[in-house]
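Residue-level structure breakdown
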Amino acid sequence: MSDVPPASAQPPGWLRRTEAEQRWPAALAIAVAVGIHLLLPADLAPRPRWLLPGLEAALLLSVVVVNPLRINRETRILRPLSIGLAALLGVATALSAIRLVRALFGEGHIASHLLLWGAAIWLTNVIVFALWFWEGDRGGPASRADGLRPHPDFLFPQMSSPELAPRDWEPGFFDYFYLSFTNATAFSPTDTLPMSTWAKLGMLAESAVSLVTVLLVVARAVNVIG
């Protein structure tokens, strides 16, 4: 007789060892954020303007070279590189947001430009927090693929209602990007709940940054138009 339990007796995909998710969705999102940092106007980009985007691109290339396809292993160098890349993106986005706030109270700015670059910085903020949520939940993508940690930092609907999801379902980068996007637009959890303290603090911080950015940009743009 086979020792393999029937499918109905197996735990859901997010609780057991599964095939690791692919690298490219997160790498593509990071590339978009790096591109935005490179294209920001001189008065919004941290100086020297090539330094942070250059470091971001170098770290992204290093992560892809070390583990290019599926995130199925965690090494001593890969985890620090991934966390360092997310932190660097966060620093660059925070500095750009600070410069944007200063520019909003200056003179001579075109309203359409304020809206455009405010939206760009808002999008990079969404990407940054998506990366933090993705890297932090249950120890990161490699740890989730191994099914090492049973207690999630984020409770997705498929976890609380497994009968509504495929048996092999587990969260991927797009799920965390959706979580970050909805949190940045609704300024609160929507269908996914933070369970751990750091997850709650992360969602709180993202909502606060998003709220301030949106309110200031829209208010200043309306004032300029008027």
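For the structure given in this document, a descriptive report is provided here. Because the structure is predicted, anything quoted here is derived from the model rather than measured.

**Regarding the packing of aromatic side chains**
Overall, the coordinates contain 10 aromatic pairs when judged by the stated rule. Aromatic side chains Trp134 and Phe173 sit 5.5 Å apart centroid to centroid with 90 degrees between the ring planes, which places their arrangement in the edge-to-face category. Linking Trp134 in helix 4 (residues 111-136) with Phe173 in helix 7 (residues 173-186), this pair joins segments that are 39 residues apart in sequence. In this structure Trp134 comes out as buried when scored by relative accessible area, which is 2%. Exposure remark for Phe173: the relative accessible area of 5% places this residue in the buried category. Consider the rings of Phe154 and Trp198, whose centres lie 5.7 Å apart with planes at 90 degrees: the pair is edge-to-face. Of the two residues, Phe154 sits in strand 1 (residues 154-155) while Trp198 sits in helix 8 (residues 197-225), which places them 44 residues apart along the sequence. When its relative accessible area of 0% is taken as the criterion, Phe154 is described as buried. What makes Trp198 partly exposed here is its relative accessible area of 33%. A connected cluster of aromatic rings, assembled from ring pairs, spans Phe129, Phe133, Phe154, Phe156, Trp169, Tyr176 and Trp198.

**Quick look at the side chain of Ser143**
Mapped onto the elements of the fold, Ser143 is located in helix 5 (residues 141-146). In this structure Ser143 comes out as buried when scored by relative accessible area, which is 10%. In this structure the side chain of Ser143 is engaged in a polar contact, spanning 3.0 Å, whose partner is the backbone oxygen of Arg138. Those residues in contact with Ser143, other than ones at most four positions away along the chain, are Arg138, Leu148 and Arg149.

**Remarks on the nonpolar core**
Residues Leu89, Leu131 and Phe154 are the most contacted members of the largest nonpolar core, which totals 30 residues. Elements with a minimum of two residues in this core: helix 1 (24-39), helix 3 (78-104), helix 4, helix 7 and helix 8. Excluding residues that lie within four positions of it along the chain, Leu131 makes contacts with Ala26, Ile30, Ala86, Leu89 and Phe173. In this structure, Leu40, Leu44, Leu114 and Ala120 belong to the second largest nonpolar core, which totals 12 residues.

So, how was this worked out
- Residues numbered from 1 in each chain as written.
- Predicted model: local features only at pLDDT ≥ 70, side-chain atom pairs only at ≥ 80, totals over all residues.
- Heavy atoms only, no water.
- Phe/Tyr/Trp six-rings, centres within 6.5 Å; stacked < 30°, edge-to-face > 60°.
- Helix = DSSP H or I, 4+ residues; strand = E, 2+ residues; numbered from the N terminus.
- Buried < 20%, exposed > 50% of the residue type's maximum accessible area, 1.4 Å probe, protein only.
- Polar contact = N/O pair within 3.5 Å; in protein donor to acceptor, adjacent residues only side chain to side chain.
- Contact = heavy atoms within 4.5 Å.
- Core = buried A, V, L, I, M, F, W, Y, C linked by side-chain atoms within 4.5 Å.

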